[in-house]
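Residues per chain, in single letters:
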Amino acid sequence: MSLSPHTSPPARAGAPSAAELLDFVREVAADAALVSSLPLDPAGRTWIRLDGPGGCEAWLIGWPPGAGTGWHDHGGSHGAFVTARGALTEQSLAARLPTEGWKTLELADGVDRERRLADRDGRAFGPHHVHQVFNAEAGHAVSAHAYYPPLPMMRRYSRTGPVLRLEQVEWPEEWA
């Protein structure tokens, strides 16, 4: 099988499940020394790369007040994240979006979900998850994240009311 540089590798036997990724990020969030070692910046997010189970991609991320990701997906990877300190808000869509062939979608009523994830709260998600995460609190937050397979790409979206627009596709080589 030949893979282009922008093709996801097939899932391998023994690959970590979303539940196993959630267990891993919960362990990371409980490691007070690791969480305290993350340098925090008042102006922007900070992060360190972690060694995750089964070849997953894992990160510890610091969020100053007001920092957020914007609407995005994970390029077909499943994953999990847990708030290790502070609180984060996640807004997500309870709908499976097509991955190709569109630039603008009008979302149906009732697809919006919002949750506040405080200390040690977290969630796992599947490969079609679209969300945004942000720190709406007055202090810094820290969270642990894991994805499998390692992120092959991310799609970035903008949203105005019920209209979701695909804005760009980012590839791993752009994140260096």
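For the structure itself, consult the block above.
Since this is a predicted model, take the numbers as computed values, not measurements.

### Some words on the side chain of Glu57
Secondary-structure assignment places Glu57 in strand 2 (residues 57-63). For the buried Glu57, no salt bridge is present, and the opposite-charge side chain at shortest range is Arg49, 4.3 Å distant. Within the structure, Glu57 has its side chain in polar contact with the backbone nitrogen of Leu151 (distance 2.7 Å). Setting aside anything within four residues of it in sequence, one finds Glu57 in contact with Arg49, His145, Ala146, Tyr147, Pro150 and Leu151.

### Overview of the sheet that holds strand 2
With respect to topology, five strands assemble into an open sheet ordered 1-2-10-4-8, the strand pairing being antiparallel. Among the strands making up the open sheet, the edge pair consists of strand 1 (46-51) and strand 8 (122-125). Within this sheet the neighbouring strands show an average axis-to-axis angle of 15°, counted without direction. Pairing between strand 4 (residues 78-85) and strand 8: four bridges, direction antiparallel. Paired with Phe81 across the bridge in strand 8 is Arg123. Those strands touched by helix 1 (residues 18-30) are strand 1, strand 2, strand 4, strand 8 and strand 10 (141-148), and its axis lies near 20° from that of strand 4.

Scoring rules and cut-offs
Residues numbered from 1 in each chain as written. Predicted model: local features only at pLDDT ≥ 70, side-chain atom pairs only at ≥ 80, totals over all residues. Heavy atoms only, no water. Helix = DSSP H or I, 4+ residues; strand = E, 2+ residues; numbered from the N terminus. Buried < 20%, exposed > 50% of the residue type's maximum accessible area, 1.4 Å probe, protein only. Lys, Arg positive; Asp, Glu negative; His and termini not counted. Salt bridge = Lys/Arg side-chain N within 4 Å of Asp/Glu carboxyl O. Polar contact = N/O pair within 3.5 Å; in protein donor to acceptor, adjacent residues only side chain to side chain. Contact = heavy atoms within 4.5 Å. Pairing = 2+ DSSP bridges. Axes fitted to C-alpha atoms, helices over the stretch in contact; angles between N-to-C directions.

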